[in-house]
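# Report on the structure
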Amino acid sequence: MEPHDEIENRLPPDALFWAMEPFGPPLGEAACSMWDPKRFPTMREQQAAFDGEPTVPERDIPQARAMCCTCPLLEGCRRYAQDSRDEHVFLAGETAEERRKKWRKAGEIVKRRRRVAELYALNVPTAIIARSLGQAERSIRSDLRELGKGRSHLPPTA
Ligand code: SF4
């Protein structure tokens, strides 16, 4: 039996679809699909805010964020934002720039943890890892915890 057939036999079709669907905008009644005149003077301005081109950013972005907070599709939208890596529109309470910053930060953490893992494998003490990577020791300890590595056999500082 092919692996795919095996999965199909084990899961209900809906569950399988949602598990395997790579990404797609959430289905249902989105808060941003209806004009909220209490938040935006015109439908066009609301649309512009969600299209990532707010007319008055300091006014429109907080309003769009507030709408997302009440949206029943928030979780699905967050997943879509993550999976699609959309770089323009406002999604799940975040601007494209805010998402980019998060992704950059996540990428930096992955890179740092890779270095921490390499140095750990070479038995370098935590304090030296911290100094060489320009990080606080507690960040390195936290990285090691995330990496599932204990430090009991090494001195905590050098
Ligand atoms: S979470 Fe925000 S952007 Fe996403 S569908 Fe809802 S209102 Fe629209």
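Residues numbered from 1 in each chain as written. Predicted model: local features only at pLDDT ≥ 70, side-chain atom pairs only at ≥ 80, totals over all residues.

An unreviewed UniProt entry lists the protein chain under the name Transcription factor WhiB, from Streptomyces radiopugnans.

## Quick notes on the overall build of the protein chain
What counts is decided by this rule: Only DSSP runs of H or I reaching four residues or more are called helices, and only runs of E reaching two or more are called strands; each is numbered from the N terminus. Partly exposed residues are those whose C-beta has more than 12 but fewer than 20 other C-beta atoms within 10 Å; 20 or more makes a residue buried and 12 or fewer makes it exposed, with C-beta atoms placed from the backbone. Our contact criterion uses C-beta atoms placed from the backbone: two residues qualify when those atoms are within 7 Å.
Helices and strands together make up the secondary structure of the protein chain, namely eight helices and zero strands. Scanning the protein chain from its N terminus toward the C terminus, one meets helices and strands in the order α-α-α-α-α-α-α-α. Here the protein chain holds 158 residues, and the buried ones make up 14% of them. Counting contacts in the protein chain only where the partners sit at least 6 residues apart, residues at least 24 apart contribute 55% of the total.

## With respect to the site of the ligand
Applied cut-off: We count a residue as near a molecule or strand when its backbone-placed C-beta atom lies within 6 Å of that partner. Under this grouping Gly is polar, as are all residues other than the nonpolar Ala, Val, Leu, Ile, Met, Phe, Trp, Tyr, Cys and Pro and the charged Asp, Glu, Lys and Arg.
As a structural note, the neighbourhood of the ligand is formed by A30, A31, C32, F50, M67, C68, C71, L73, L74, C77, L91 and A92. Elements with a contribution of two residues or more to the shell around the ligand: α4 (57–69) and α5 (74–84). Looking at the shell around the ligand residue by residue, the classes come out as 12 nonpolar, no polar and no charged.

## Digging into the nonpolar core
What counts is decided by this rule: Joining buried Ala, Val, Leu, Ile, Met, Phe, Trp, Tyr and Cys residues through C-beta atoms within 7 Å gives a set, and that set is a nonpolar core.
Counting 12 residues, the largest nonpolar core consists of C32, F40, A49, F50, A64, M67, C68, C77, A81, F90, L91 and A92. Elements with a minimum of two residues in this core: α3 (43–50), α4 and α5. Residues Y120, I129, A130 and I140 belong to the second largest nonpolar core, which totals five residues.

## Details of the packing of helix α7 (residues 126–133) against helix α8 (residues 137–146)
Under the convention used in this document: Here an angle of 0 to 180 degrees is reported between the N-to-C directions of two axes, which are lines fitted to C-alpha atoms, with helices fitted over the stretch in contact. Relative orientations are named as follows: roughly parallel for angles under 35 degrees, roughly antiparallel for angles over 145 degrees, roughly perpendicular for angles from 65 to 115 degrees, and oblique for any other angle. Throughout, a crossing is termed right-handed when the near helix is turned clockwise from the far one, and left-handed when it is turned anticlockwise from it by less than a right angle.
Running from N to C, α7 and α8 point in directions that differ by 110°, and their axes come no closer than 8 Å. Considering their axes alone, α7 and α8 lie roughly perpendicular with respect to each other. Here α7 and α8 pass one another in a crossing that is right-handed. Residues T126, A127, I129 and A130 of α7 form the contact with α8, whose own contacting residues are E137, I140 and R141. Considered class by class, the residues forming the contact of α7 with α8 number four nonpolar, one polar and two charged.

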